[in-house]
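Residue-level listing of the chains:
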Amino acid sequence: MKENIRSLGNITKKLIIRPIGGTEDVNKTLTVYEYGDDIIIVDCGIGFPDIFEMPGVDILIPDFSYLEKNSHKIRGLFLTHGHEDHIGAVPYLLQRIPDIPIYSSGLVQEMLRSKFEEKSFNHLKEQTKLNLFNPTSGEVTLGNFTIKGFRVFHSIPESQGFAIKTPEGLLLHMGEYKIDPKPAMEKPMNLGIIENYGKQGVLCLLSDCLMAISNKPTKSESDLDKTYLGLFKKAEGRQLIVTMISSSISRMHQVINAAVSCGRKVVVSGRSVEHTFSIARKLGYISFPKDIFVPEKEASKLPQENLVYILTGIYGQYSSSLGRLSRNENRDITLKKNAMVIFSGDPAPPGTDITVEKLTDKLILLDAEVIHGGVCDNLHVSGHGARKDMERIAKLVNPKYFIPLGGSITRMRAYRDAMGSIGFSKNNVFECLEGGSVEFSGGIAKKGSRIETQQVYINTKTASKISSVVVDDREKMSDSGIFVVVIPRDRSGRLLPNKSEIVTRGFIYVKDSKELIRKAKKAVVKSISKRGNKTKDWSSLRRRIESDIQRFLYKEVGDSPVIIVHTVGL
Ligand SMILES: [Zn+2]
């Protein structure tokens, strides 16, 4: 009996690693580490919606249901770096589970504080415990986990990975990284520290796998310096505008450097780049003399050829500073003829290529010269190492097991193949779908259970969820419009289908479709006569009429708009 109890105890005391996001959609990264009664979380990011399939959705966040159910076990949230797909969902998690202690670098702390300034998250300002935790901090022990940060290089300063000691062994959560021998701002990655962990024996390496599909050598951030200088010289005597990802502190630094060497002053415009700019100045990452910068409101008074504008709008966002400029709706900046507009970012992140092109079209019609990845090399370098970097880290760490993170299914498979090609067993590389897990017991890993996760849609204006039913309706309406049937009811409650009215929007033009409307009214009469025109269970009758009309319309025009059947008393 005693033996049984002990073995039962052993079953519950196993290490479980469960990515809740960041393994199928690239972004909304969140990984749960669980042992007995303790959970620590690494990263909590947002995802970006498919604008065609998810109309009106601003961002996606991870499904927190598992964490809500196990909230009593959560000991802390550790953040690797300040990109939105790693920290953007923190306020939403804290809305549901307050009081989670947060461990992050100073830069990430500032970024979170700036999020807590927003009205919807203001209450989090006082109640959230932000602990400064970076590679120079000591270890932190939380229940069964002891965590230590180590420096990695990525496209945002103060990025770190975590060495996590567990009763099962040492884990290395690398975060996002690349081996850049000549970074623009920070020191290159200290590979010696990673090698040392390898010597201690690592049970599992959790590695970025985004660029596992690339066999090309990893490009250095400093490669961009030459590009900027060349373009800025070409733009002499002209208005000059650069748009970039708002969190790109080192990119911003490079543009300002190039501006200074060409005798131009700098104007920063757009909410998110202004936020990053002020945080980067506060922390000393952008330490140019004050008189280099010109406030947006004063920029129009100065000769335009003496300025460089850094604007939001790299993904073609409608309300961004560049978006407004392209529609002549920017109050403080006017696009001059022959201006040069440089898009210095990822050439086509999924879902944004069409909106970006619409924006570049407008700029070209306004006589601007648009420089983007399609016409100029070296306008962007990825912050993620290519396959060779992943192989090098794997050889240094020499772990028993691997879990690739931060990629799609295709990229996880490319990572697994890469590990196979340098002599590791592919069976020891676990490709986890969202909610899937790997369990470690007695130093042996096996595929664990998978919990169901849902897509969680967010409206950022109200910081609230949008139901999937609403998103489905919006998609259907944007595809095929809406078809409303209004059926009158007499005082005794009897439906009068012969007097029905039909209203449509975005489906057909009623005046041109009288015959279809006539037939549709007939279909309503038929549907009701089949089921009796007096019923107490109106909602089930309404659903049946809706599905009859849906079938009818699909047969007649091959389309399925959103159908609403409504009754009004006479
Ligand atoms: Zn990142």
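Look up: the structure comes first, before these words.
Let us look at the structure shown here. Keep in mind that this is a model prediction, so the values were computed, not measured. (Residues numbered from 1 in each chain as written. Predicted model: local features only at pLDDT ≥ 70, side-chain atom pairs only at ≥ 80, totals over all residues. Heavy atoms only, no water.)

A look at the overall build of the protein
Item 1. The number of helices and strands found in the protein is 18 helices and 25 strands.
Item 2. Reported as C-alpha extents along the three principal axes, the dimensions of the protein are approximately 85 × 85 × 50 Å.
Item 3. In the protein, the share of contacts with a sequence separation of at least 24, taken over all contacts with a separation of at least 6, comes to 72%.
Item 4. Charge centroids of the protein, computed over 81 positive and 65 negative side chains, lie 5 Å from each other. (Helix = DSSP H or I, 4+ residues; strand = E, 2+ residues; numbered from the N terminus. Contact = heavy atoms within 4.5 Å. Lys, Arg positive; Asp, Glu negative; His and termini not counted. Charge placed at Lys NZ, Arg CZ, Asp CG, Glu CD.)

As for the coordination of the zinc ion
Item 1. Of the protein atoms, only His81 (NE2), His83 (ND1), His154 (NE2) and Glu176 (OE) coordinate the zinc ion, at distances of 2.1 to 2.3 Å.
Item 2. The site at the zinc ion holds four donor atoms, and with the angles between them running 91 to 168°, its shape is irregular.
Item 3. Within one chain, the residues donating to the zinc ion are spaced in sequence as H-x1-H-x70-H-x21-E. With His83 in the loop between β5 (74–78) and α3 (84–87) and His154 in the loop between β9 (145–151) and β10 (160–166), this residue pair connects regions lying 71 residues apart in the sequence. As far as the burial class goes, His83 and His154 line up, both buried. (Donors = N, O, S within 2.8 Å, 3.2 Å for Na, K, Ca; no water. Tetrahedral: all angles 85-135°; square planar, octahedral: opposite > 155°, others 65-115°. Buried < 20%, exposed > 50% of the residue type's maximum accessible area, 1.4 Å probe, protein only.)

A word on the sheet that holds strand β24 (residues 501–505)
Item 1. Taken in spatial order, the three strands make up an open sheet running β24-β23-β25, and their pairing is mixed. The open sheet is flanked by β24 and β25 (562–569), the only strands paired with a single partner. Direction aside, the axes of adjacent strands within the sheet are offset by 20° on average.
Item 2. For strand β23 (residues 482–489) and β24, the ladder comprises five bridges, and the chain directions are antiparallel. (Pairing = 2+ DSSP bridges. Axes fitted to C-alpha atoms, helices over the stretch in contact; angles between N-to-C directions.)

Remarks on the packing of helix α8 (residues 223–234) against helix α9 (residues 249–261)
Item 1. Relative orientation of the contacting elements α8 and α9 amounts to 40°, with a least axis distance of 9 Å. The pairing of α8 with α9 is recorded here as oblique in orientation. In this structure, α8 crosses over α9, and the sense of that crossing is right-handed. Residues Leu224, Asp225, Tyr228, Leu229 and Phe232 of α8 form the contact with α9, whose own contacting residues are Arg251, Gln254, Val255, Ala258, Ala259 and Ser261.
Item 2. For the contact of α8 with α9, the residue count by class is seven nonpolar, two polar and two charged. (Parallel < 35°, antiparallel > 145°, perpendicular 65-115°, else oblique. Left-handed = near helix turned anticlockwise from the far one by under 90°. Nonpolar A, V, L, I, M, F, W, Y, C, P; charged D, E, K, R; others polar.)

Looking at the side chain of Asn330
Item 1. As for its placement among the helices and strands, Asn330 is situated in the loop between α12 (321–326) and β16 (340–343).
Item 2. Of the residues examined, Asn330 reaches a relative accessible area of 6% and is grouped as buried.
Item 3. Side-chain polar atoms of Asn330 contact the backbone nitrogen of Ile333, separated by 3.5 Å.
Item 4. Every residue in contact with Asn330, bar those within four places of it in the chain, is listed here: Ser269, Glu296, Ser321, Arg324 and Leu325. (Polar contact = N/O pair within 3.5 Å; in protein donor to acceptor, adjacent residues only side chain to side chain.)

Notes on the side chain of His83
Item 1. A relative accessible area of 13% means that His83 is categorised as buried.
Item 2. Reaching out from His83, the side chain makes a polar contact with the side chain of His81 at a distance of 3.3 Å.
Item 3. There is a polar contact of 3.2 Å between the side chain of His83 and the side chain of His154.
Item 4. Those residues in contact with His83, other than ones at most four positions away along the chain, are Gly88, His154, Ser155, Ile156, Glu176 and Ser247.

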